[in-house]
Amino acid sequence: MNVDNERYVVGVDFGTLSGRAVVVRVADGAEAGSAVHEYAHRVIEDRLPGTGARLGADWALQSPQDWREVLRNAVPQALAVSGVSASQVIGIGTDFTACTVLPATAQGLPLCELPELRGRPHAWPKLWKHHSAQPYADRINALAERRGESWLPRYGGRISSEWEFAKGLQVLEEDPEVYGRAERWIEAADWIVWELTGVESRNVCTAGYKGIHQDGAYPGDDFLAELNPAFAGFAGKLGRELSPLGGLAGRLTARAAGWTGLPEGLAVAVGNVDAHVTAVAADAVRSGQMVAIMGTSTCHVMPSDRLAEVPGMCGVVRDGIVPGLWGYEAGQSGVGDIFAWFVETSVPASYSREAGSRGITVHEYLTELAAAQKVGAHGLVALDWHNGNRSVLVDHDLSGMVVGQTLATRPEDTYRALIEATAFGARVIVEAFEAAGVPVEEFVVAGGLLRNRFLMQVYADVLRRPLSVIGSGQGPALGSAIHAAVAAGAYRDVTAAAAAMGKRTEAAYVPDAGRADAYDRLYAEYRDLHDHFADGALLHRLRAIRNEGAA
Ligand SMILES: Nc1ncnc2c1ncn2[C@@H]1O[C@H](COP(=O)(O)OP(=O)(O)O)[C@@H](O)[C@H]1O
Ligand SMILES: O=C(CO)[C@@H](O)[C@@H](O)COP(=O)(O)O
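Residues numbered from 1 in each chain as written. Chains lettered and ligands numbered in written order. Predicted model: local features only at pLDDT ≥ 70, side-chain atom pairs only at ≥ 80, totals over all residues. Heavy atoms only, no water.

Per an unreviewed UniProt entry, the chain is named Ribulokinase, and its organism is Streptosporangium canum. Note on the chain: under the UniProt heading Pathway (unreviewed entry), the record states "Carbohydrate degradation; L-arabinose degradation via L-ribulose; D-xylulose 5-phosphate from L-arabinose (bacterial route): step 2/3." As recorded by UniProt, the Sequence similarities (unreviewed entry) comment attached to the chain reads in full: "Belongs to the ribulokinase family." (UniProt positions renumbered as here; feature names shortened; annotations may be inferred.)

In structure tokens form, the structure reads like this:
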């Protein structure tokens, strides 16, 4: 085919630290070019930009301007690298971390961009891993349980502090003026689409998982008023009309065309979540295909034809991954982040020097040393709760630990134990689904941690099942591009587009029976430790002492 006649779509993935754009051929999903733009403010955790106001413990904010800069930089760069001309592009799609949520005016202006509110922490977007809303989530959960709210089992019995209602209640009670000024409480996933199209839309995915929208409704005003009378009406700040995934949200405005270098009037897909679009990129949209997107954190998403209540799952939402099926989500709040923490805080200079002199990263060096060990030889078992627990305990005030250390314990031992702990955490999730009668037929891995082959093998051994792997290093961005192709009318629906444009290799890693047996023993210890600390009694006390010390 003549390349000039080919049609392309652009997918943009807004991650935790950066945004990536990829230019993708509509016919087969071939990636013609991509570019990354790092956020200037990265994650705002200590002080507000500009004013320097101090943030509290477990705060995590982002800057909307950083997101616009992705549109202005990564999109035109990806286009330039691809050699594709703007006139060949028929659509753009986006995905975001979630629940990353912001207060805005009725025109979509983020409150933190109003000069008089710039210095108010609650006027800024709260990143998914802003965990200081935990007390508010606790209150929502306790009241929902007491009242027997019908939506609670759809979230495995507890909603997360990461979500829209917990973060919204936090704003109301900690800064009522900002709350009052917020005419909209909007996921960044929808806000960016508003920036592109000039039209407000709300996607069914974030509304369902993060916004507690079930069976056509948000939690009622009587429930919200019981939390705080002023919280009644909160749902009025959210969108009532929801748009389906793969739908057309609107057309690219002249302003956004100027930023991106793409044609005005281009089809813009409905917003979506990084994890959920990745299932499409891996062409894993059939019932029982669980996709683990493994990066700083891990999200597990799985379409299924059956509805069940899985304890501790993040949620089950009709049409939440792909129209026509129930979409399940579970997750681990810390995975790569835990390895990064270890590398940054716990490795002697001699290791960094050795890695540096060999031209490899400290992660790679530690992995090489750890991989040479036999299963269990380090004598350790760890709990992967350094960033709390999103499934199955749903408690972000839990914390991590490594048990079994002696004076002989080496950094590679601990690094390996941390990798194994995250694999055990994944096994707890898979077992929870199967025990609830939702079969996991295939385990598909996507995300940055695919680069670590040893880690993948640990997961195959611990899970005692083959791992399929996505055929793209740009899973979310490719998934967004696929949604763009559907929004532009190139495919009948998301499933057809995924079949043509998505990629994965089945059984890329297979378990070794001997290692799997050895891991069963360690997993039993992990379960013991997990269940012992699950009620949070000791870990919550430690957190309270820490918070008092930090105040
Ligand atoms: N060789 C490695 N082995 C294990 N983890 C790694 C390795 N290299 C980087 N990481 C971790 O991978 C994470 C980044 O994953 P990535 O998917 O690129 O990011 P994101 O989740 O933001 O999309 C970081 O948390 C980092 O600690
Ligand atoms: O929670 C979700 C999706 O529901 C993710 O957006 C969140 O964990 C962030 O993922 P990343 O670590 O940026 O891949």
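Following the structure, the description resumes.
Asks: What's the story with the pairing of strand E15 (residues 442-446) in this structure? I'm lost.
Replies: It is a general feature of regular strands that their side chains alternate between the two faces of the sheet. Taken across its 5 residues, E15 has 5 buried, putting it largely inside the fold. Residue alternation in E15 divides its side chains into two sets, Glu442, Val444 and Ala446 and Phe443 and Val445, and both sets are buried. Pairing analysis gives 5 bridges linking strand E9 (residues 289-294) to E15, with the strands arranged parallel. Bridge pairing in E15 places Met290 opposite Phe443. (Buried < 20%, exposed > 50% of the residue type's maximum accessible area, 1.4 Å probe, protein only. Helix = DSSP H or I, 4+ residues; strand = E, 2+ residues; numbered from the N terminus. Pairing = 2+ DSSP bridges.)

Asks: Could you clarify how one ought to interpret the site of ligand 2 in this entry?
Replies: Contacts to ligand 2 come from Thr16, Thr97, Ala98, Trp128, Lys210, Val273, Asp274, Thr296, Ser297, Cys299, Glu329 and Arg390. Take Thr296: an N or O atom from its side chain is 2.5 Å from an oxygen atom of ligand 2. Within the side chain of Ser297, one N or O atom sits 2.8 Å away from an oxygen atom of ligand 2. Here ligand 2 has 380 Å² of accessible area as a free molecule, and 92% of this is covered by the chains. Taken together, the residues that form the shell around ligand 2 break down as 4 nonpolar, 4 polar and 4 charged. (Near = heavy atom within 4 Å. Polar contact = N/O pair within 3.5 Å; in protein donor to acceptor, adjacent residues only side chain to side chain. Areas by Shrake-Rupley, 256 points an atom, 1.4 Å probe, with all protein chains shown as cover. Nonpolar A, V, L, I, M, F, W, Y, C, P; charged D, E, K, R; others polar.)

Asks: I would appreciate a short explanation of the sheet that holds strand E10 (residues 298-304) in the present structure.
Replies: Note: strands within a sheet are paired through backbone hydrogen bonds, in either parallel or antiparallel orientation. Spatially, E11-E12-E10-E9-E15-E16-E17 is the arrangement adopted by the 7 strands of the open sheet, whose pairing is mixed. Two strands bound the open sheet, and with one partner strand each, they are strand E11 (315-318) and strand E17 (504-509). Each strand axis lies, on average, 25° off the axis of its neighbour in the sheet, ignoring direction. The pairing of E11 with strand E12 (residues 326-332) spans 4 bridges and is classified as antiparallel. Bridging across to E12, Arg318 finds its partner in Trp326. (Axes fitted to C-alpha atoms, helices over the stretch in contact; angles between N-to-C directions.)

Asks: Can you help me understand unusual backbone geometry in this one?
Replies: Negative phi characterises most residues that are not glycine, and trans characterises most peptide bonds. Here Ala98 and Cys99 are connected by a cis peptide whose omega angle stands at 0°. Along the chain, the position of Cys99 falls in the loop between strand E4 (89-96) and strand E5 (101-104). The omega torsion across Ser391 and Val392 is 5°, close enough to zero to call that bond cis. Here Val392 shows up in the loop between strand E13 (381-383) and strand E14 (401-403). Look at Asp215: it is not a glycine, yet its phi comes out positive at around 50°. Relative to the helices and strands, Asp215 is located in the loop between helix H6 (204-209) and helix H7 (221-227). Of note in the backbone geometry, Ala507 takes a positive phi value of approximately 45° without being a glycine.

Asks: Would you mind going over the site of ligand 1 with me for this structure?
Replies: Near ligand 1 there are 13 residues, and of these Thr296, Gly336, Gly448, Arg451 and Asn452 occur at the shortest range. For ligand 1, whose free accessible area comes to 580 Å², the fraction covered by protein is 80%. If one sorts the elements of the shell around ligand 1 by residue count, helix H10 (residues 336-345) sits on top with 4 residues. A per-class count over the shell around ligand 1 returns 4 nonpolar, 6 polar and 3 charged.

Asks: Hey, could you run me through the environment of Ser346 in this one?
Replies: Residue position: Ser346 is located in the loop between H10 and helix H11 (349-358). Judged by its relative accessible area of 30%, Ser346 falls in the partly exposed class. It is 7.3 Å that separates the C-alpha atoms of Ser346 and Pro411, two residues lying 65 residues apart in sequence. The residues touching Ser346, leaving out its near neighbours within four places in the chain, are Trp341 and Pro411. Polar contacts involving the side chain of Ser346 include one to the side chain of Thr345, which spans 2.9 Å. (Contact = heavy atoms within 4.5 Å.)

Asks: I would appreciate a short explanation of a nonpolar patch on the surface in the present structure.
Replies: Taken together, the side chains of Leu538, Leu542 and Ile545 define a hydrophobic patch exposed on the protein surface, amounting to about 280 Å² of accessible area. Taking relative accessible area as the criterion, Leu542 reaches 47% and is therefore assigned partly exposed. (Patch = residues over 30% accessible without salt bridge, like charges linked within 9 Å, V, L, I, M, F, W, Y side chains within 5 Å. Salt bridge = Lys/Arg side-chain N within 4 Å of Asp/Glu carboxyl O.)

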